[in-house]
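Examining the three-dimensional arrangement
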Amino acid sequence: RQMAKKVFTSHASSDGVSDINAVVNDMIYCLHRFGISFQDYCVYDFVNNNDYDYRNSFVSDKLRYHYCDLLNTKEVYQVMTDKHACYKIFGKFFKRLVVGCFTEKDEKNFLEFVDAHSSFIYKPLEEHSGHGVEIFKSMEINPPKFFRDKLACGSFVVEELIEQGKEVACMHPQSVNSCRVLTFTDGQTVRVIGTTWRVGSGDAIKDNAGAGGMYAFVNSQTGIVETDAINYCGKTFKQHPDTGVRFEGFQMPQWDEAMKTIRQMATYIKGTTLIAWDIAFSTKGWVMVEANENGDWSIIQSNKKIGLKQQLFSYMDEFFKTVSSKK
């Protein structure tokens with residue numbers, strides 16, 4: 001109850017609500033009845049909509065994890081949950097160098113990487129949602145000490161920086177503003193379930209909504225942003241607070257190429273049935289940022305407040321019919 005109350009009272013949807021305890025009771029009910037987390041209860045605006053069919057239309061975290069585990073192969077899970085393993089397989093789509101650091105034996109590769117790059121991005125492998133990610137300038141660190149200190153905290157990767165294309169950097173130049181694209185792949189058929197654009201704010205280098213960023217819905221066919229942006233606290237942004245660039249109507253550059261890249265990645269190895277891909281537009285064109293075996297869906301369902309459960313179920317029906325016919 002304390003956790004639910006803390007989440008709700010920090011969200012914009014709590015404004016004007018007089019009976020907080022009643023809402024907390026409802027949040028706990030929705031957690032058990034629909035698998036909806038307290039955060040998602042807020043971003044889907046359940047407080048203002050208690051219609052059963054509406055609430056039941058969203059793919060909850062519990063369902064997301066279950067169906068990703070059911071549909072994707074175990075090999076895919078191992079690849080997608082290891083940033084370095086993912087790079088080793090999908091490296092052609094990264095278009096940049098990534099070095100994994102797991103033991104003391106990797107120090108030589110790390111030092112060579114730092115010597116060749118004036119700046120780099122550090123990502124701890126045991127974190128998610130952008131937590132722990134930092135940019136460092138090579139000349140401002142002591143490379144051997146940096147390596148030992150970071151390794152003492154756990155395995156990590158260092159990446160060559162993505163140089164963001166000016167066409168999207170105009171929204172927020174400090175962060176690499178990536179698109180989360182959710183796909184359902186059956187054989188060579190790739191269906192895009194939804195797309196959202198994640199954008200950082202302030203001095204943040206991360207665009208993750210869970211790390212203070214904002215996000216807006218993108219039409220997967222046209223690459224046009226169709227909504228204002230929102231953040232996890234429920235605040236709406238018609239334009240970016242730092243640059244003044246308007247969200248709705250923004251045209252993603254070279255969108256046909258972006259979708260081509262997505263389809264190539266989604267069919268590159270077997271077993272990537274239900275994957276959330278993160279791509280960004282760079283001076284080298286569209287590049288892969290990372291892939292998520294069970295990436296967050298709330299940022300795709302919450303802008304328009306439209307659940308994706310029936311769409312997912314229709315694709316699953318076709319998928320299992322195909323599997324059954326092969327047997």
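What comes next is a walk through the structure. (Residues numbered from 1 in each chain as written. Predicted model: local features only at pLDDT ≥ 70, side-chain atom pairs only at ≥ 80, totals over all residues. Heavy atoms only, no water.)

1. Quick notes on the overall build of the protein
Within the protein, the secondary structure is distributed over 13 helices and eleven strands. Whereas a compact globule of 327 residues would reach a radius of gyration of roughly 20 Å, the protein reaches 20 Å, a difference of no more than 12%. Dimensions along the principal axes, computed over C-alpha positions, put the protein at roughly 60 × 55 × 40 Å. Taking the contacts inside the protein whose residues are at least 6 apart along the sequence as the reference set, 63% of them involve residues at least 24 apart. Total accessible area on the protein stands at roughly 15,700 Å², and carbon and sulfur atoms take up 50% of it. Of the charged side chains in the protein, 38 are positive and 40 negative; the average position of the first set lies 3 Å away from that of the second. (Helix = DSSP H or I, 4+ residues; strand = E, 2+ residues; numbered from the N terminus. Rg over C-alpha atoms; globule rule 2.2 N^0.38 Å. Contact = heavy atoms within 4.5 Å. Areas by Shrake-Rupley, 256 points an atom, 1.4 Å probe, with all protein chains shown as cover. Lys, Arg positive; Asp, Glu negative; His and termini not counted. Charge placed at Lys NZ, Arg CZ, Asp CG, Glu CD.)

2. Topic: the sheet that holds strand 2 (residues 119-124)
The four strands lie next to each other as 1-4-2-3, forming an open sheet whose pairing is antiparallel. Every other strand in the sheet has two partners, leaving strand 1 (98-101) and strand 3 (134-137) as the edge strands with one partner each. When the angles between neighbouring strand axes are averaged without regard to direction, this sheet yields 25°. Judged from the four bridges that link them, strand 2 and strand 4 (residues 156-159) form a sheet pairing that is antiparallel. Within the sheet, the bridge partner assigned to Ile 121 lies in strand 4 and is Glu 159. (Pairing = 2+ DSSP bridges. Axes fitted to C-alpha atoms, helices over the stretch in contact; angles between N-to-C directions.)

3. Description of the packing of aromatic side chains
Taken as a whole, this structure holds 34 aromatic pairs when the rule is applied. A centroid spacing of 6.1 Å and a plane angle of 65° characterise the contact between Phe 147 and Phe 156, whose relative ring orientation is edge-to-face. For Phe 147, a relative accessible area of 1% gives the class buried. Through a chain of ring-to-ring contacts, three or more aromatic side chains come together here, namely Phe 110, Phe 113, Phe 120, Tyr 122, Phe 136, Phe 146, Phe 147 and Phe 156. One Lys or Arg, Arg 64, reaches over the ring of Tyr 65 and ends 4.6 Å from the middle of that ring. Sitting over the ring of Tyr 122, Lys 150 keeps its end group 4.5 Å from the ring centre. (Phe/Tyr/Trp six-rings, centres within 6.5 Å; stacked < 30°, edge-to-face > 60°. Buried < 20%, exposed > 50% of the residue type's maximum accessible area, 1.4 Å probe, protein only. Lys NZ or Arg CZ within 6 Å of the ring centre and 35° of its normal.)

4. Details of the environment of Ile 269
Position of Ile 269 among the secondary structure elements: in the loop between helix 11 (255-266) and strand 10 (274-282). Between the C-alpha atoms of Ile 269 and Phe 38, which are 231 residues apart in sequence, the distance is 35 Å. Each residue touching Ile 269, except ones within four places of it in the same chain, is listed here: Val 76, Ile 89 and Phe 90.

5. A short note on helix 11
Relative to the 16 Å expected for twelve residues at 1.5 Å per residue, helix 11 spans 16 Å between its end C-alpha atoms, a close match to the ideal helical length. By the burial criterion, the buried members of helix 11 are Trp 255, Ala 258, Met 259, Thr 261, Ile 262, Met 265 and Ala 266. Seen end-on, helix 11 carries its buried residues on one side only, within an arc spanning 155°. Each element contacted by the buried residues of helix 11 is listed here: helix 7 (83-94), strand 5 (179-186), strand 6 (189-199), strand 10 and strand 11 (285-292). (Expected span 1.5 Å × (residues − 1). Arc of directions from axis to C-beta.)

6. Let's talk about the side chain of Glu 159
Assignment of secondary structure puts Glu 159 in strand 4. When its relative accessible area of 5% is taken as the criterion, Glu 159 is described as buried. Setting aside residues no more than four positions away along its own chain, Glu 159 makes contact with Arg 96, Leu 97, Val 98, Phe 113, Phe 120, Ile 121 and Lys 123.

7. A few points about the sheet that holds strand 5
If you trace the seven strands from one edge of the open sheet to the other, you get 9-8-7-6-5-10-11, paired in antiparallel fashion. Each end of this open sheet is capped by a strand with a single partner; those strands are strand 9 (236-237) and strand 11. The pairing of strand 7 (residues 214-217) with strand 8 (residues 229-231) spans two bridges and is antiparallel. Bridged to Met 214 within strand 8 is Asn 231. Across the sheet, helix 7 touches strand 10 and strand 11, and the angle it forms with strand 11 is around 160°.

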